[in-house]
Amino acid sequence: MTGHTCQRVTRLEMALADEMANFGVTECRGGANRFAELGFCETREWLARRGTRTVPGKVEQDDGVRHPEVRGHPPSMSTASSERPVVYVDESANSGQNLLDPHQIVFTVAGVHLAEDLAASIVDEVRGQLPRNLREPKYTSLAGSSRGRKSLMNAFSRLPEGSVRTYLVHKRFMVITKLVDVIMETTAYRDGYNLYEGKESLALANMLHMGGPILGDADAYDRMLHTFVNWVRQRATTDELYAAVAVLKASVRDQQFAEWLEMLEYCRPVADETAAEFASGRHRDELDPAIPSLYCLATTFGQSLGKFRLVHDASKVIDRNSAFLHAVHLLPDPARPGEFMNALMGAIEFADSSDHPQLQVADWAAGATRHWGQGMASGGGDRFSRELEPVALSWLIDGIWPAPLGADGHS
């Protein structure tokens, strides 16, 4: 749910960094996860725009950004970092902004809160059942053999309830949610409509996702999605994007659905402005699912653990965006007018999976959830993906996923 026109994102990020330094805020505080309820969690540019809304407890400064009104001393950060619970996080099938990679149709992030001795015992047991020359048993290699699959299921059976949580992304659906968020929602906001408060943006994305390839030509819908991804990545022009929209609209047999595509054409001025923002180079991770997924995962852990350390397997995109993730609670939440975004409670750090058995378990959990989700997204899946279903469902906290036919519009 992003939108970014007439914004000064760099200035906002600098202001947020200054806020954190001035107030002594090095970690996030409080709040429960609401992003997942909105269907899409990528928030950088739309939050920049929403930062100018009138929110109780805010004061306007000359830079155009609304800053928290601070009285007295900064909030207490008395709990020593070394004493806090630790959540270990790994991803599976992150193709970055290439959301339409046909070989990686879903993305998953998994978080593990598990005692080191138990994690080490589980990993050692799996290693003991495998060839000695296998240096680090990754999910993909384990799932490729019957012995490895049995080892995984045994390992999963030893995990305590609630120790693993996952977030799942249907990449193709994420593309259409981004199109709605970046272009259509921004136009609606200018016209005085909040498409997030009543989840209209999610309903619109579901309608386009389900109706596009059925009420219109499936190839034309696919070309529009590919052109949008290329447009965000500065590999297609706005003219090319809207030419793809026009081809899809011409193929539509339902007049009411065609009118929604006409609404997308009405949003062309916003697309022109947004293209200029992309050209500035400040949006290199616009389509990467890792950022919103980690936010949603971390906020659910924060609800039960409070402040915690978040140890992530090496990730350049998370490293680039960690300051933003830690500062998101300074910004207003458009889905809850008058309130702020939920805080990321975990202080992010990075480590190698070979040094922490919990990261190895996180790799298996992410891979297993991705394996099951890929079978769901493709309408089939292999036998092992079906065996994984009860385990994967028990871990799943939410995701960016299209609503099934007959649903009420909520993912």
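A few points on the structure. (Residues numbered from 1 in each chain as written. Predicted model: local features only at pLDDT ≥ 70, side-chain atom pairs only at ≥ 80, totals over all residues. Heavy atoms only, no water.)

### Considering the nonpolar core
Okay, step 1: Ranked by internal contacts, the top residues of the largest apolar core, which has 67 residues, are I176, I183, M224, F228 and W231.
Okay, step 2: Core analysis: the next-biggest nonpolar cluster, separate from the first, contains 31 residues, I122, F156, A362 and W372 among them. (Core = buried A, V, L, I, M, F, W, Y, C linked by side-chain atoms within 4.5 Å. Buried < 20%, exposed > 50% of the residue type's maximum accessible area, 1.4 Å probe, protein only.)

### Structural notes on the sheet that holds strand β6 (residues 308-313)
Okay, step 1: With respect to topology, 6 strands assemble into an open sheet ordered β7-β6-β3-β4-β5-β8, the strand pairing being mixed. The sheet terminates laterally at β7 (346-351) and β8 (396-400), the two strands that pair on one side only. Taken pair by pair, the neighbouring strands of this sheet meet at an average axis angle of 20°, ignoring direction.
Okay, step 2: As paired elements, strand β5 (residues 164-170) and β8 share 4 bridges and run parallel to each other. Counterpart to T166 in the pairing with β8 is L396.
Okay, step 3: Of the strands in this sheet, β5 and β8 are in contact with helix α15 (residues 383-395), which crosses β8 at around 85°. (Pairing = 2+ DSSP bridges. Helix = DSSP H or I, 4+ residues; strand = E, 2+ residues; numbered from the N terminus. Axes fitted to C-alpha atoms, helices over the stretch in contact; angles between N-to-C directions. Contact = heavy atoms within 4.5 Å.)

### A look at the pattern of salt bridges
Okay, step 1: Within the structure shown, the criterion is met by 12 salt bridges.
Okay, step 2: Notably, a salt bridge pairs E387 with R383, separated by 3.4 Å at the nearest N-O pair. On the criterion of helical spacing, the pair formed by E387 and R383 is a turn pair, its members being 4 residues apart in helix α15.
Okay, step 3: On the basis of relative accessible area, R383 is assigned to the exposed category, the value being 64%.
Okay, step 4: Several salt bridges share partner residues, and in doing so they unite D239, R268 and D272 into one network. (Salt bridge = Lys/Arg side-chain N within 4 Å of Asp/Glu carboxyl O.)

### Notes on the packing of helix α5 (residues 146-157) against helix α14 (residues 357-378)
Okay, step 1: Between α5 and α14, the shortest axis-to-axis distance is 11 Å and the interhelical angle comes to 110°. Relative to α14, the element α5 lies roughly perpendicular. As α5 packs across α14, the resulting crossing turns out to be left-handed. For the pair formed by α5 and α14, the contact residues are L152, A155 and F156 on the first element and W364, A365 and A368 on the second. (Parallel < 35°, antiparallel > 145°, perpendicular 65-115°, else oblique. Left-handed = near helix turned anticlockwise from the far one by under 90°.)

### Notes on α15
Note: α-helices contain 3.6 residues per turn, so residues at a spacing of three or four share the same orientation.
Okay, step 1: Residue E389 marks the point of greatest curvature in α15, where the axis turns by about 45°; the proline P390 follows within four residues.
Okay, step 2: Among all positions of α15, only F384, S385, L388, V391, A392 and W395 are buried.
Okay, step 3: Tucked inside the fold, the buried residues of α15 contact α4 (139-143), α5, β5, α14 and β8.
Okay, step 4: Between the side-chain oxygen of the N-cap and the backbone nitrogen of F384 there are 3.3 Å, and the N-cap of α15 in question is D382. (Bend = angle between axes of the 7 residues up to and from the residue. Polar contact = N/O pair within 3.5 Å; in protein donor to acceptor, adjacent residues only side chain to side chain.)

### A word on unusual backbone geometry
Okay, step 1: Of note, A93 is a non-glycine position whose phi angle comes to about 65°, a positive value.
Okay, step 2: With respect to the secondary-structure elements, A93 resides in the loop between β3 (86-92) and β4 (106-112).
Okay, step 3: A93 gets classed as buried once you look at its relative accessible area, which sits at 18%.
Okay, step 4: Its identity as a non-glycine residue notwithstanding, K199 has a phi of 65°, on the positive side.
Okay, step 5: As for its placement among the helices and strands, K199 is situated in the loop between α6 (171-190) and α7 (200-215).
Okay, step 6: Exposure remark for K199: the relative accessible area of 22% places this residue in the partly exposed category.

### Brief notes about the side chain of D363
Okay, step 1: Tracing the backbone shows D363 in helix α14.
Okay, step 2: Salt bridges are absent for the buried D363, whose nearest opposite-charge side chain, K138, sits at 4.1 Å. (Lys, Arg positive; Asp, Glu negative; His and termini not counted.)

### With respect to the packing of aromatic side chains
Okay, step 1: One pass over the structure, following the stated rule, counts 4 aromatic pairs.
Okay, step 2: Relative to W231, the ring of F228 lies with its centre 5.7 Å away and its plane at 35°, an arrangement referred to as tilted. Note that F228 and W231 are positioned in helix α8 (residues 218-232) at a spacing of 3 residues, about one turn of the helix. Taken as a pair, F228 and W231 share a single burial class, namely buried.
Okay, step 3: The rings of F228, W231 and F278 are connected pair by pair, giving a single aromatic cluster.
Okay, step 4: Stacked on the ring of F301, the Lys or Arg R165 has its end atom at 4.4 Å from the ring centre. (Phe/Tyr/Trp six-rings, centres within 6.5 Å; stacked < 30°, edge-to-face > 60°. Lys NZ or Arg CZ within 6 Å of the ring centre and 35° of its normal.)

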